[in-house]
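Examining the three-dimensional arrangement
As a plain string of letters, each chain reads:
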Amino acid sequence: MANTRVESWTELSPEPSWWAQWKLRDWAWFAGLSVAAGIILGLYGSSFGYWQFVVLGAWYGALLVAGLAWRPVQLASIGIVLPALLAVWLYSIGQTTANNMLLRDVLQGYAAVMWMSALLLAATACYLFYLFSGRERAGQWATALTWAGVIMGFIGLGVRWRETYLGHPDWGHIPVSNLWEVLVLFCASTPLFYLYYEKRNEARALGAFVMPLVAAGVGFLLWLTFAQHMDQIEPLIPALQSFWMKLHVPMMFVGYANFTIASLVGVGYLLTERSRRRGSVMLLRVMPSSEVMDDVMYKAIALGFLFFTVATILGAVWAAKAWGGFWSWDPKETWALIVWLNYAGYLHARVVKGWRGTAMAWWSFMSLWVVSFCFLGVNMFLSGLHSYGKL
């Protein structure tokens, strides 16, 4: 009876409020973001239009919620912002890559991206070693190297944003204007979202499926760097000289990153089920359950679909501003619609029809080819209003 009374009292006791669950570092996170937003408003608020205030508020809210929901974001943000601000300050006092070794070898946009590339390739090797060996230390190294690569990638993008203003003030732009820059964004954002799913589901072995494609992206990025020299900063063409680019492109790549993760988790699901049927224990000893992988696929696609939908709407608004019409059946727009319809069908089958398991894993995996053609194939093989993204 005593135990029953204790259990009943426990069930009836109210849960702590959301505010009461905050720790000291959460309050510090809230204060830091508020101070940063205040500084931005103080420096640039007088020149802001309506949409700039909307974007600042959206970023403030998104970072606040992300940092509270997934606390590693707090430390990662500090690890990105402080070195990037240091690089910006060094440039502001007249330092250059010619006379400052820290800028030249670490903090310069180009150098940071090269560090990102090396770290992500090393992380991929560690994830594969972990999958086949099951050694926990290899998995820990894989996760740590991935975090380091993500941080260096976003440092590179942040510093490059400042560097676009150095050669000529009129050239300044958010670094998502050509294939090299958006590939850096893809290679940094995809592992970041993967790390969230890894930690939330205790599913480190999935990195052995997600990170090889990131490594392939790194290889393509290096080819663009050394063979095509696309890392050079150039002025924007008129169509890209728009505030909407700051919204449309990053949100689109949140969608791409999550769609990619879902596709490769689908590969892991299919191979795990194949191993289970054959009685092989090599994959089964480290892979998460089929239910976990099915859930990761669904949640990644749902999040990606949300951002992809909003990004497509914003792209239509941008098109109306730039070309006079919301939709023109340009190849990029057409393939974006195909991607949207594909994942709308997936979500309908999953939520309304209750489909699960192998069929959905195949759907998720095969969707990778649709997304890849929308992202790269259109730029490489087709022409249209988005031809500025061609090689």
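My aim in this report is to walk through the structure given alongside it, one point at a time. (Residues numbered from 1 in each chain as written. Predicted model: local features only at pLDDT ≥ 70, side-chain atom pairs only at ≥ 80, totals over all residues. Heavy atoms only, no water.)

Looking only at helices and strands, the chain features 13 helices and zero strands. Written out in order from the N terminus, the α and β elements of the chain read α-α-α-α-α-α-α-α-α-α-α-α-α. Since a compact globule built from 391 residues should have a radius of gyration of about 21 Å, the 22 Å found for the chain is in line with a globular shape. Taken over the C-alpha atoms alone, the chain extends approximately 75 × 50 × 45 Å along its principal axes. (Helix = DSSP H or I, 4+ residues; strand = E, 2+ residues; numbered from the N terminus. Rg over C-alpha atoms; globule rule 2.2 N^0.38 Å.)

Another aspect to go through is the environment of I151. In this structure, I151 sits in helix 7 (residues 136–167). The sequence separation of I151 and A336 amounts to 185 residues, and the corresponding C-alpha distance is 29 Å. The contact partners of I151, leaving out residues within four places of it in the chain, are A76, G79 and I80. (Contact = heavy atoms within 4.5 Å.)

Next up on the list: unusual backbone geometry. The backbone of E202 sits at a positive phi, close to 50°, despite the residue not being glycine. As for its position among the elements, E202 is in the loop between helix 8 (179–201) and helix 9 (207–226). Residue E202 is classed as exposed on the basis of its relative accessible area, which comes to 64%. Despite not being glycine, H229 has its phi angle at roughly 55°, a positive value. If you trace the backbone, H229 turns up in the loop between helix 9 and helix 10 (245–278). (Buried < 20%, exposed > 50% of the residue type's maximum accessible area, 1.4 Å probe, protein only.)

One can describe the packing of helix 4 (residues 72–92) onto helix 7 by two numbers: an axis separation of 9 Å at closest approach and a directional angle of 35°. In this structure, helix 4 meets helix 7 at a crossing whose hand is right-handed. Between helix 4 and helix 7, the contacting residues are P72, A76, G79, I80, P83, A84, A87, V88 and Y91 on the first element and W147, I151, F154, I155, V159, R162, E163 and L166 on the second. Partitioned by chemical class, the residues of the contact of helix 4 with helix 7 number 14 nonpolar, one polar and two charged. (Axes fitted to C-alpha atoms, helices over the stretch in contact; angles between N-to-C directions. Left-handed = near helix turned anticlockwise from the far one by under 90°. Nonpolar A, V, L, I, M, F, W, Y, C, P; charged D, E, K, R; others polar.)

Right, let's talk about helix 12 (residues 331–352) for a bit. Under the 1.5 Å per step criterion, the end-to-end length of helix 12 is 31 Å for 22 residues, consistent within 8% with the ideal 32 Å. Of the positions making up helix 12, those classed as buried are K332, E333, A336, V339, N342, Y343, Y346, L347, A349 and R350. (Expected span 1.5 Å × (residues − 1).)

This brings us to the packing of helix 9 against helix 10. Where helix 9 contacts helix 10, the two axes come as close as 8 Å, and the packing angle between them is 135°. Between helix 9 and helix 10, the angle is such that the two are oblique. By crossing handedness, the relation of helix 9 to helix 10 is classed as right-handed. On helix 10, the residues touching F209, V210 and L213 of helix 9 are T260, I261, L264, V265, V267, G268 and L271. Of the residues that constitute the contact of helix 9 with helix 10, the class distribution is eight nonpolar, two polar and no charged. (Parallel < 35°, antiparallel > 145°, perpendicular 65-115°, else oblique.)

Summed over the entire model, instances satisfying the criterion amount to eight salt bridges. Taking the shortest distance from any N to any O, the salt bridge between D105 and R104 comes out at 3.2 Å. Given a relative accessible area of 35%, D105 falls into the partly exposed group. Relative accessible area serves as the criterion here: at 36%, R104 is assigned to the partly exposed category. Where D294 meets R350, a salt bridge forms, and the shortest distance between an N and an O atom there is 2.9 Å. Residue D294 is located in helix 11 (residues 290–323), and its partner R350 is located in helix 12; the two are separated by 56 residues in the primary sequence. (Salt bridge = Lys/Arg side-chain N within 4 Å of Asp/Glu carboxyl O.)

Next up on the list: the packing of aromatic side chains. Within a pair of aromatic rings, the relevant descriptors are the distance that separates the centres and the angle that separates the planes. If you walk through the whole model with that rule in mind, you get 22 aromatic pairs. Seen in terms of ring centroids, W27 and F30 are 6.3 Å apart; in terms of plane orientation they differ by 85°. Their pairing is edge-to-face. With W27 and F30 both in helix 2 (residues 24–44), this residue pair falls three residues apart, about one helical turn. For F30, a relative accessible area of 28% puts it in the partly exposed group. Judged by centre distance (5.8 Å) and plane angle (85°), the rings of Y127 and Y194 are edge-to-face. In this pair, Y127 is assigned in helix 6 (residues 109–133) and Y194 in helix 8, connecting sequence segments 67 residues apart. Residues Y127 and Y194 agree in their burial class; the two are buried. (Phe/Tyr/Trp six-rings, centres within 6.5 Å; stacked < 30°, edge-to-face > 60°.)

Here we take up the environment of A205. For A205, the location among the structural elements is in the loop between helix 8 and helix 9. Residue A205 is classed as buried on the basis of its relative accessible area, which comes to 1%. Residues A205 and G139, 66 residues apart in the sequence, show an inter-C-alpha distance of 7.9 Å.

Here we take up helix 3 (residues 50–69). Here helix 3 contains 20 residues, and its C-alpha end-to-end distance of 29 Å stays within 8% of the 28 Å for a straight helix at 1.5 Å per residue. Taken together, the buried positions of helix 3 are V55, L56, L64, G67 and L68. Structurally, helix 3 contributes buried residues whose contacts are with helix 2, helix 4 and helix 10.

Bringing the side chain of S117 into the picture now. Note on placement: S117 falls in helix 6. Discounting residues that sit within four places of it in the chain, S117 has contacts with V218, L221 and L222.

Right, let's talk about the side chain of N100 for a bit. Tracing the backbone through its elements, the reader meets N100 in the loop between helix 4 and helix 5 (101–107). N100 sits in the buried class, given a relative accessible area of 13%. Here Q95 takes part through its side chain, which lies 3.1 Å from a polar atom of the side chain of N100. Here N100 is in contact with L90 and Q95, once residues within four sequence places are set aside. (Polar contact = N/O pair within 3.5 Å; in protein donor to acceptor, adjacent residues only side chain to side chain.)

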